[in-house]
Amino acid sequence: MEVIICKDYAELSKKAAEIFTEQINNKPDSILGLATGSTPEGLYENLIQTYKAGKLTFKDITSFNLDEYYGLSGDDDQSYRYFMDQKLFNHVDINKDKTFVPDGLAKDINAFMDDYEKMIADKGGIDLQILGIGINGHIGFNEPSDSFSKKTSLVDLTPSTIEANSRFFDKYEDVPKKAISMGIGTIMRSRKIILMASGENKQDAIYGAVKGPISPKLSASVLQLHPDVTIIVDEAAGKKLL
Ligand code: F6R
């Protein structure tokens, strides 16, 4: 596990974008695992700039998103599909037919989740997975639990995650209480992982991920067992590691 502590959010976004760009330039048909939330927004902005400068193409990329709110359609402006379109896909030359985000309205949810796993495996697995981290240490929406989830599942969001997500919604009642999330097993099968975190409220989660015991009570701690993880944080999130 390599830990990179950057001065601030701008620097960490740039660093993550450099690794991401190198991945795509080395393997233009990479299979990417993508995250939503505030943390990767700067990374996506940097990638758009790099694309506009003619130094990056997404034309042969396939992507799989980590998660989606259960019950939201991809057209809903709070959905993660919508987020990805707005923050990245609409601004680069990616083939949207090759961008996959879990379907929050899947009729047969169990069949859908099995298919999502199978699709990732059939494409050869994820080359580079981007992760944020929750204040409770979740990656994807793998909330604190007694065991690590093996595959994509429907999860109950914890009160602290619902509270954290509520900043994007007008009304607290509208915040989804469930999400479809890749499992820890799915994430750990990625060949390379970048976890990003910014801000003081992530410092305990980051400390637990890097130094804590490996436990499903803090999902990100499992990354200590992965052979190729880079943790990129700003000084505020990395404070307890300094
Ligand atoms: C989002 C995801 C979540 C977020 C985490 C941090 O796709 O999987 O694990 O990465 O909740 O969210 P932000 O970046 O908004 O603090």
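J.: Looking at this structure, how should I read the overall build of the protein?
T.: Within the protein, the secondary structure is distributed over seven helices and 10 strands. The C-alpha atoms of the protein give a radius of gyration of 17 Å, which matches the 18 Å a tight globule of 242 residues would have. Based on the C-alpha atoms only, the size of the protein along its principal axes is roughly 45 × 40 × 35 Å. The proportion of buried residues among the 242 residues of the protein is 53%. Taking all contacts inside the protein whose residues are at least 6 apart in sequence as the whole, residues at least 24 apart take part in 78%. For the protein, the exposed area adds up to about 10800 Å²; of that, 49% sits on carbon and sulfur atoms. Here the protein carries 28 positive and 36 negative side-chain charges, and the mean point of each set is 3 Å from the other.

J.: Help me understand the site of the ligand in this model?
T.: Around the ligand, 14 residues are found, and the nearest of them are T39, D67, H138, G140 and K202. A distance of 2.9 Å is found between an oxygen atom of the ligand and a side-chain nitrogen or oxygen belonging to T36. Within the side chain of K202, an N or O atom sits 2.7 Å from an oxygen atom of the ligand. Relative to its unbound accessible area of 410 Å², the ligand is 92% covered by the protein chains.

J.: When you look at the pattern of salt bridges in this model, what are you seeing that I'm missing?
T.: If the charged atoms of two oppositely charged side chains come close together, the side chains can form a pair. Taken as a whole, this structure holds 16 salt bridges when the rule is applied. Between K96 and D85 there is a salt bridge, and its shortest N-O distance comes to 3.6 Å. Note that K96 is positioned in the loop between α3 (80-87) and β5 (99-100) and D85 in helix α3, a separation of 11 residues in sequence. One connected set of salt bridges, linked through shared partners, spans K27, D127 and R191.

J.: How should the sheet that holds strand β8 (residues 178-181) be read in this particular structure?
T.: Within a sheet, each strand pairs with its neighbour through backbone hydrogen bonds, oriented either parallel or antiparallel. The strand order across the open sheet formed by three strands is β4-β8-β7, and the pairing between neighbours is antiparallel. Where the open sheet ends on each side, the last strands, each with one partner, are β4 (67-69) and β7 (153-156). Ignoring strand direction, the axes of neighbouring strands in this sheet form an average angle of 30°. Sheet topology note: the β7/β8 ladder contains four bridges and is antiparallel. Opposite V155, over in β8, you have A179 as the bridge partner.

J.: What's the story with the pairing of strand β9 (residues 192-197) in this structure? I'm lost.
T.: Along any regular strand, the residues point their side chains to alternate faces of the sheet. In terms of burial, β9 is a largely internal element, five of the six residues being buried. In this structure, strand β6 (residues 128-131) lies alongside β9, joined through four bridges in parallel fashion. Bridge assignment links Q129 to a residue of β9, and that residue is I193. Of the strand pairs in this sheet, β9 and strand β10 (residues 229-234) are connected by five bridges, and their pairing is parallel.

What counts and what doesn't
Residues numbered from 1 in each chain as written. Predicted model: local features only at pLDDT ≥ 70, side-chain atom pairs only at ≥ 80, totals over all residues. Heavy atoms only, no water. Helix = DSSP H or I, 4+ residues; strand = E, 2+ residues; numbered from the N terminus. Rg over C-alpha atoms; globule rule 2.2 N^0.38 Å. Buried < 20%, exposed > 50% of the residue type's maximum accessible area, 1.4 Å probe, protein only. Contact = heavy atoms within 4.5 Å. Areas by Shrake-Rupley, 256 points an atom, 1.4 Å probe, with all protein chains shown as cover. Lys, Arg positive; Asp, Glu negative; His and termini not counted. Charge placed at Lys NZ, Arg CZ, Asp CG, Glu CD. Near = heavy atom within 4 Å. Polar contact = N/O pair within 3.5 Å; in protein donor to acceptor, adjacent residues only side chain to side chain. Salt bridge = Lys/Arg side-chain N within 4 Å of Asp/Glu carboxyl O. Pairing = 2+ DSSP bridges. Axes fitted to C-alpha atoms, helices over the stretch in contact; angles between N-to-C directions.

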